[in-house]
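# Examining the three-dimensional arrangement
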2 protein chains.
Amino acid sequence: MSNLLHRLATRGWQMTPQRRVIAEVLAGDHVHLTADEIHAQAIAKLPEISRATAYKALTEMVALGEVAVVNVEGRARRYDPNVDRAHQHLVCERCGLIRDIHPAGQEGLALGPSSGFGFKLTGVDVVFRGICPDCSAAATL
Amino acid sequence: MSNLLHRLATRGWQMTPQRRVIAEVLAGDHVHLTADEIHAQAIAKLPEISRATAYKALTEMVALGEVAVVNVEGRARRYDPNVDRAHQHLVCERCGLIRDIHPAGQEGLALGPSSGFGFKLTGVDVVFRGICPDCSAAATL
DNA sequence: CTGCTTGCAAATTGTTTGCAACACC
DNA sequence: GGTGTTGCAAACAATTTGCAAGCAG
């Protein structure tokens, strides 16, 4: 379940060297890279990958629902391969570090019907903002 | 409290015709405009406002903490003048409509210390995604 | 005069697209 | 040979910045 490459394969997504490398960069937890960061890491493994190819691959993975976009402040979009389990994000306002939070079962984020304005809900994005331990420590130096 | 112009004045923000018009555009509830929309509406009231001035005014209002940025999917940043009461957002995935939600006192969005990775929390952003009533109706036609 | 604000235009940044060359059944 | 993928470069979109001119105290 947790393997992005495997999930993409079972979804019938045609694999190529470039796409494999891009998907490999997106492996692991607490991964929330920008397209440019993904491209840079992909190039390290396979030198001749163009930016356009990286963007197209990412767009398709998102369309397949196997990669999510994280809406954090800042110009660059960030990609999160961890779509298996609904989770929330914790962002450091100082350095931009992002950690995943897996809510402990409460999942109190259902919206009362009275406050829903008649929307059909499809998902929730929760972003906690704060200062990470490293930045806190640096501030007190 | 709810008047943005008043809040800006009491914060010592120097007022100018351009800034007043921009702040006026940002009045009301369920307002989540992009910089370009704000600029367009501002021009309707005062023809010679440049985009740069609109951007600068918005950036300063955000820096003062009197206007918030809403992180929704889509390229353009959206500005929300309603910073008085912590609230959440409900976004239509079809048409992009955004409504404010004022949680009914539960505010269950505190983060247990165990799951906080040692962050000092400063805020939370909650974005519910769904399909608005109008879009639901349009889909069944 | 001095300092902050404005407006224009150009620069930056992030993302998308058109299109020819290529690889794979 | 047709379908789909790649890479380059150019197009786009959103935002920021440099700088000369304007306004207010």
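Look up a bit, the structure's there.
Residues numbered from 1 in each chain as written. Chains lettered and ligands numbered in written order. Predicted model: local features only at pLDDT ≥ 70, side-chain atom pairs only at ≥ 80, totals over all residues. Heavy atoms only, no water.

### Structural notes on the overall build of chain A
For the record, the criterion: To qualify as a helix, a DSSP run of H or I must reach at least 4 residues; to qualify as a strand, a run of E must reach at least 2; elements of each kind are numbered from the N terminus. Classification of residues uses two cut-offs on accessible area relative to the type maximum, computed with a 1.4 Å probe and protein chains only: under 20% is buried, over 50% is exposed, and between them is partly exposed. For the accessible areas, the method is Shrake-Rupley and the probe is 1.4 Å, while residue cover comes only from the protein chains on display.
Looking only at helices and strands, one finds 5 helices and 6 strands in chain A. Mapped in sequence order, the helices and strands of chain A form the string α-α-β-α-α-β-β-β-β-β-α. With 141 residues in all, chain A has 40% of them scored as buried. When the accessible area of chain A is evaluated, it comes to approximately 7,700 Å², of which 54% is carbon and sulfur surface.

### A word on the environment of Ala40(A)
Tracing the backbone shows Ala40(A) in helix 3 (residues 35–45). For the pair Ala40(A) and Arg77(A), spaced 37 residues apart in sequence, the C-alpha separation works out to 15 Å.

### Comments concerning the packing of helix 2 (residues 17–25) of chain A against helix 4 (residues 51–63) of chain A
Residues and elements named next belong to chain A. For the record, the criterion: Orientation is described by axes fitted as lines to C-alpha atoms, over the contacting stretch for helices, and by angles from 0 to 180 degrees between their N-to-C directions. Angles below 35 degrees are treated as roughly parallel, those above 145 as roughly antiparallel, those between 65 and 115 as roughly perpendicular, and all remaining angles as oblique. By definition, turning the near helix anticlockwise from the far helix through less than a right angle yields a left-handed crossing, and turning it clockwise yields a right-handed one. When checking whether two residues touch, look at their non-hydrogen atoms; a contact exists if any pair is within 4.5 Å. Side-chain classes are defined by residue name, with Ala, Val, Leu, Ile, Met, Phe, Trp, Tyr, Cys and Pro counting as nonpolar, Asp, Glu, Lys and Arg as charged, and the others, Gly among them, as polar.
Orientation of helix 2 relative to helix 4, taken along the N-to-C sense of each, is 65°, at an axis distance of 10 Å. What the angle tells us is that helix 2 and helix 4 run roughly perpendicular. Considering only the axes of helix 2 and helix 4, their crossing is right-handed. For the pair helix 2 and helix 4, contact is made by Gln18, Arg19, Ile22 and Ala23 and by Thr53, Ala54, Ala57, Leu58, Glu60 and Met61, respectively. Considering only residue class, the contact of helix 2 with helix 4 consists of 6 nonpolar, 2 polar and 2 charged.

### Observations concerning the packing of aromatic side chains
So the rule is basically this: What counts as a ring pair is set by centres within 6.5 Å for rings of Phe, Tyr and Trp (its six-membered ring), and what kind of pair is set by the plane angle: stacked under 30 degrees, edge-to-face over 60, tilted for all other angles. Whether a charge sits over a ring depends on NZ of Lys or CZ of Arg being within 6 Å of the ring centre and within 35 degrees of the ring normal.
The tally for this structure, following the rule as stated, stands at 0 aromatic pairs over all chains. Over the face of the ring belonging to Phe117(B) we find Arg99(A), whose NZ or CZ atom lies 4.3 Å from the ring centre.

### Examining the relation of the copies chain B and chain A
Heads up, the condition is: Residues reaching a pLDDT of at least 70 in both copies supply the C-alpha atoms on which the copies are superposed by least squares.
Here chain B sits on chain A after a turn of 180° about the axis and a move of 0.0 Å along it, with an RMSD of 0.1 Å. Accordingly, the operation relating the two chain copies is best matched by a two-fold axis. Measuring from the rotation axis to each C-alpha of chain B, the shortest distance belongs to Val126(B), at 2.3 Å. Both copies share a contact surface, since 100% of the interface residues of chain B are interface residues in chain A too.

### Remarks on the protein's contact with DNA strand C
The cut-off we apply is this: For this purpose, a residue is taken to be near a molecule or strand whenever a single non-hydrogen atom of the residue falls within 4 Å of it. Contacts described as polar in this section are N or O atom pairs within 3.5 Å, which, within protein, must combine one atom able to donate a hydrogen with one able to accept it, while residues neighboring in sequence count only if both atoms come from side chains.
Inspection of the region around DNA strand C gives 19 residues, with Tyr55(A), Arg77(A), Thr16(B), Glu48(B) and Thr53(B) positioned closest. When atoms of DNA strand C within 4 Å of the protein are split into backbone and base, the sugar-phosphate part holds 77%. Contact between DNA strand C and Arg77(A): a phosphate oxygen at 2.9 Å from a main-chain N or O atom of the residue. Counting residues per element, the ones that place at least two in the surface near DNA strand C are helix 4 of chain A together with helix 2 (17–25) and helix 4 (51–64) of chain B.

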